[in-house]
Each structure stands twice: as C-alpha cells, then as structure tokens.
Amino acid sequence: MRMLRIALTSLTTRWPSLLGAFLALALGVAMTAVMLLGLAAALDASRGGGELVSLVAALGTAGGVSVFVSAFVVASTYSYAVVRRRRELGLLRLAGATRAQVRRTVLAEALLLGAAASATGCLLGRLGAPALLRWLSGAGMAPPGFAPSGSAWPLHAAFWTGLLVALGGVAVAALRAGRVGPLDALRAADLDTGVLTRGRLLLGLGLVLTAAALAGTALVTDPADLLHRKTYTTGPMWLICAAGLLSPLLAPPLVRVLGLLLPVRLTGYAGRLVPANAAAALRRTGAVAAPVLVAVALTGSLSGALDTVGAARAAEARARTAADLVVRPAGPAAPLVAALRAVPGVSAVSATAPTPLALVEPDGVTVRSEARTADPAGLAALARLPLLAGSPAGLDDDSLILPAEWGRAVGEPVPVVRADGSRTVLRAVAVLRDGLGDNGLYVTAANAPGARVDRIEARLDPGTDGPAALECARAALRPYGATVLDRAGWFAATSPANARISWLRTVLVLGLALLYTAIALANTLLTTTGDRRRELALLRLAGATRGQVVRLVTAEAVLVAAVGVVLGCAVAGAQLGAMHTALGVLGVPGPWVLPWRPVGLVAAGAVVLAALCAAPAAGWMLRHRPVAAAAR
C-alpha cells in the first residue's frame, strides 16, 4: 500500500510529464475500440442474414493492426517515460527503497495511468464508432443504416488490452531500473548506457529468424499463403518488432550515413552535433523513430502487397486466355454464339458461366467453391491452362478439371455437390497449378444446373484486323443488346471495381493507424524536446544562438525520422521480396510493384511533422535565460 500511495502521489504531482504516455495509450485504446465496435456491428448484421463476410474480415484485420500499432507505440513511449525518471528512481533507492519496491512503484503507476487512459480511450472509441460506420456505408462497404450494436465486449477487450500494453511497456524498464544501484543511477541518469542488452539482442535476432523461417516454410509448402491478406498483414509485424528491438544496433550507422546528407548550412558550426546527439541518445532516437517505422513499414507492406497481388492477378489473367474479343450477354447466349461465329476472322468461340460447386471431403464436410462451365473444344482453343497433369480435352459430363489445392490426382473420383444440391461423383481429367485467380474448376453445362452464361470469348485468325473485327462483332450483336470489348477493354473494365474495394479496405486498415502514429510522433517529439531544457541551455551558454539551437534540434528530429523511414522501407522491402519470390515459385508472371507514392507521402509527412513539432518545442524551451535553465 505504501508503494501504491507513492505511485498515486507521483501521478498527481508529475502529471504534465506523463501526459504524453497518457495520450498515446488513450488514443491507441480509442482506435482499437472503434475497430472492434465496427466488427461487432458487422458480426451482428451478418448473423441477421446480411452479406458482410468481406467487411467482417476487413474490420477484423483493421482491429488486429490497430492493436499492434498501439501496442508497439505505447510500449516504446512508456519504456522511454520510465527511462526519463532514472534520476528520480535513483533518489528513491538512496532514500532506502529496495529494488522490489522501485519496481512495484513503477508498475503501480503504470496500472493507475493505464486504467485511466484505457477508460478514456473506450469513451472516445464509443463516441467515434458511429462516424466510422457512416463512412463505411457511404463508401459502399456496408449497407445503409449500418449502426453500432449494443455489444459490450469490444469495450472490454479494448480496455483490458490497453491495460496489458501499459504494464508490458514498463515491465522490462522497471526491471532494469530496479537492478541499477543508487549511485550508478544518479551518475548515469543522463547517459544512454546498456541500451542493447543481451536479452534484447537475442529477442530481436530471434524475431528476424522467426520471420525468415515462416516465409521459408511457406515458400516450400504453400507459396500462395504469402499472397493472402492475413499473411501479408501480419508478416511485417515480426520484422517491425525486430527492427524496434535492434534499433540501438541499427540506428548509429544509419545516423552516421544519413547525417552526411544533411546540409551543414542548416545548422552552421553545430552541424556535427546532429548525428552525434542522435547516436548518443539512443533511447530518445528509438522513441521518436518508432511511430515512423511502423507507419512506413505497414504502408509499404500493405499498399505494396495490394498492388503486387493486383498486378499479378492481371498478368495471370492475361497469360491464361487467348481471347481477342469478349462479349457480355444481355440475354440467351445461343444466338450470340451463332452470330459471333459468323463474324469474319473469328476462329473459335467459348461461352462460359459461373456456377457454385462444393467438394465433399472424406469426412463428409463440404467445401464450397466457384466453378465455370465450358465445352472442351472452346476451352482448349481459348484457355491457356497451367496444367500439372492430364488434358482438358477429356472434359465431359462425367468429369471435371480442378486445381492442385484440392489434393486430387488425374483419374481420381471427386464427390461434389452441384448448384441445385444434387450430388454426384466426377472424375478428375486434369489438374492445374495453383495460382491467384480463377484457375480453377471447370465442368460441363450438364453439371451446372441453372447457370447463365456471363462471358463469351472469341479468338481471331492470325493477321485479322482487330479493330475491324471488333466493329463487325458489335454490329452483329447490337440487336441482342450485348456488350463487345476487345482484350484490353475487357481487362480494363473488370479491374477497377475490384481495385476500388481493395483500396477502400486498405484505407480502412491503415487510415486510423496512420493518424494515430502521426499523433504519437508529434507527442513523442514534444515530450523528448521538453526533456532537453538543460542540454539546450548549455548549448546557449557555449555560444550557440537561439536560432542555431532551434535548427540543431529540428535537424536532429528530421534525421531521426529519416532513420525510421529507412527501417520501415527495409521491412516493407523484405515483405514484398518474399511475395515476389512466392509468385516466382507459383509461376505467376508478377512484375515488381513498388509503392513509391504512398510510402513517399507517409515518409514526407513524417519528416515535415518532425520539423514542425521540434522547432516550436525547442523555441519554447529556450524562452528562459540560459543560466536559469541550466541550473534546473
């Protein structure tokens, strides 16, 4: 109880210095609560029959990202907040407090502050959730009138998560503070010594090896898994944590290299102090770089993954069809097929239709999938199937073509459930290599009851004038109300809708997280600059002008933000490299797609924000006379 009273007294007297940690946790909990409340509303709506499966998945992913980002930033902020108090903790040790008492005091403060911040965050999240749901409805991702549910579990989950993050953020720092002797604590209060402990180094290297092992295992066993949204969303988190833990090892060389790029004229004679300060104050450097690291890494990884998968899907679709013309029917397909065959230059026509088809597992469980109907001649003429075994020429009413992920061999019987619920057993005549798109399942029209043709593909003879054939086809099919597109027009018409939904999901996942990291960066810069009052005053007493000191602090903030950008780009590069390797293993012609624009915007925003926050904060710290400030 004595330590609890000391902790409560410390919080009430030192609340201005703890305001940054409080805000970081409260906003992190609010962000998590907003996402979880949205997820609860989507789950309740889906139970009522709403088609919100994709929204549930997107909100679940966004909730996971929110928890990770807030935990990463809060842990860094709270750890630095404890390090700032090493002199105070040393005085407690001199006053007779044992190591265990110091640890209990720090943890008690974290408990009290974490409970208050988490409660505040839950209140803010409850107030902000309706705005998110209105945005989802306006963007077309949720039905009109989408409103929060009355579930209380999202607030409970957000509160206890915030409390655990607060305690976890100070636990290691509290143990380290308790191990320092009183005189050592006082003597080293202003020095960053022992930042990279053996445990921290081993844990960081372990996370790097874990990320490498997970990626390597996936490449060997299931390369397509690296291209799934859940995998490329969680994959960077291992490397982000590793980069944060290894920042004391990685930051000094990066600071020296990036320091060479700083124009000396911005800081005058004090230009050499910029990289020296950043490399010496590793805890401050790590606390400032952490929000930038996580923002750049997640932006590069998620937006780059989205572009990579989208480009690979488009390249795969182009490579796996020989169609020169594509028709969208508006009615029965039979007269369209006959009219299209009569167009001069058309050598082959294939009409296909989507149909649901479910595989019956040996244990009786059905796995639903989407198949397409096709006739063997049209399929052979217009589809460039990635065959592993068999031949599509053998497709008939008693067989099917299926991808390798179904785990069946050529000639093996495959129990299926057709669209009308009837069951039958079809024989596998060909197995296709797994890919990203509709590789996929093919049956004849006899096994697709009720299926309606939605696409008719046509191939032209070599040497045929494509634009002329397109105009002839449009003229021939105009009476039927059908839409005729050439190859390029078809791919352009089918990709924007999917791209828009994918980008909206990415905005949902990243939007609040980026806003939170921006606020956390500003908060950390204001806090860390405020701690340097005595250091800045000593620079003034050494002869530096007020403007030189402000430029020095601003240049250092920009340099540290650049360190976070470089580390974030390294994480994103590793993630995209693993995905591109997976595409190579799958045989998908995926081009390298680098997300320069989103990463550049986030990086530039971080650098500008660092300058805008550091300069006024430094100017505010210099408002007192140097002699008076240095004596504090």
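What counts as what
Residues numbered from 1 in each chain as written. Predicted model: local features only at pLDDT ≥ 70, side-chain atom pairs only at ≥ 80, totals over all residues. Heavy atoms only, no water. Helix = DSSP H or I, 4+ residues; strand = E, 2+ residues; numbered from the N terminus. Expected span 1.5 Å × (residues − 1). Core = buried A, V, L, I, M, F, W, Y, C linked by side-chain atoms within 4.5 Å. Buried < 20%, exposed > 50% of the residue type's maximum accessible area, 1.4 Å probe, protein only. Contact = heavy atoms within 4.5 Å. Pairing = 2+ DSSP bridges. Phe/Tyr/Trp six-rings, centres within 6.5 Å; stacked < 30°, edge-to-face > 60°. Salt bridge = Lys/Arg side-chain N within 4 Å of Asp/Glu carboxyl O.

Peer 1: Help me out: how do you make sense of helix 18 (residues 546-586) in this one?
Peer 2: An α-helix turns once every 3.6 residues. As a result, residues three or four positions apart point the same way. For helix 18, which comprises 41 residues, the first-to-last C-alpha distance of 60 Å matches the rise-based estimate of 60 Å (1.5 Å per residue) to within 8%. Phi turns positive, to about 75°, at G587, one or two residues after helix 18.

Peer 1: Sorry, what's going on with the nonpolar core here?
Peer 2: Side chains of nonpolar character tend, in soluble globular proteins, to be buried together. Counting 117 residues, the largest nonpolar core has L59, V69, L136, I240 and L508 as its most contacted members. The element that contributes the greatest number of residues to this core is helix 18, accounting for 18 residues. Among all residues touching V69, those that are not within four sequence positions of it are M31, V294, L298, A513, Y516 and T517. Within the second largest apolar cluster, 19 residues are counted, among which are V327, V346, L470 and V484.

Peer 1: How should the pairing of strand 7 (residues 423-432) be read in this particular structure?
Peer 2: Look at any regular strand and the pattern is simple: side chains alternate between the two faces of the sheet. Bridge analysis of strand 4 (residues 387-390) against strand 7 gives 3 bridges, and the strand direction is antiparallel. The partner of L387 across the bridge, within strand 7, is L432. Pairing of strand 5 (residues 399-403) with strand 7, which is carried by 5 bridges, proceeds in the parallel orientation. Bridging across to strand 7, I401 finds its partner in A430. As paired elements, strand 6 (residues 413-417) and strand 7 share 5 bridges and run antiparallel to each other. Along strand 7, the bridge assignment pairs V414 with L426. Here strand 6 folds back onto strand 7, and the loop between the two strands holds 5 residues, one of which, G421, carries a positive phi near 90°.

Peer 1: Whenever I open this one, the packing of aromatic side chains confuses me. Can you help?
Peer 2: Two measures describe an aromatic ring pair: the distance that separates the ring centres and the angle between the ring planes. Taken as a whole and judged by the stated rule, the model has 2 aromatic pairs. Ring centres of F159 and W160 lie 5.2 Å apart, and the angle between their planes is 90°; on these two criteria the pair is classed as edge-to-face.

Peer 1: For this particular structure, what's the right way to read the pattern of salt bridges?
Peer 2: Between side chains of opposite charge, a pair can form when the charged atoms approach closely. Counted according to the given criterion, the structure contains 5 salt bridges. Put simply, R284 and E556 hold a salt bridge, and the shortest N to O gap is 2.9 Å. On the criterion of sequence distance, the pair formed by R284 in helix 12 (residues 282-319) and E556 in helix 18 is long-range, its members being 272 residues apart. An identical accessibility class is assigned to R284 and E556; each is buried. Where R474 meets E471, a salt bridge forms, and the shortest distance between an N and an O atom there is 3.5 Å. Residue R474 and its partner E471 are both found in helix 15 (residues 466-477); the two are separated by 3 residues, about one turn of the helix. Judged by relative accessible area, R474 falls into the partly exposed class, the value being 30%. Here E471 falls in the partly exposed class, since its relative accessible area comes to 44%.

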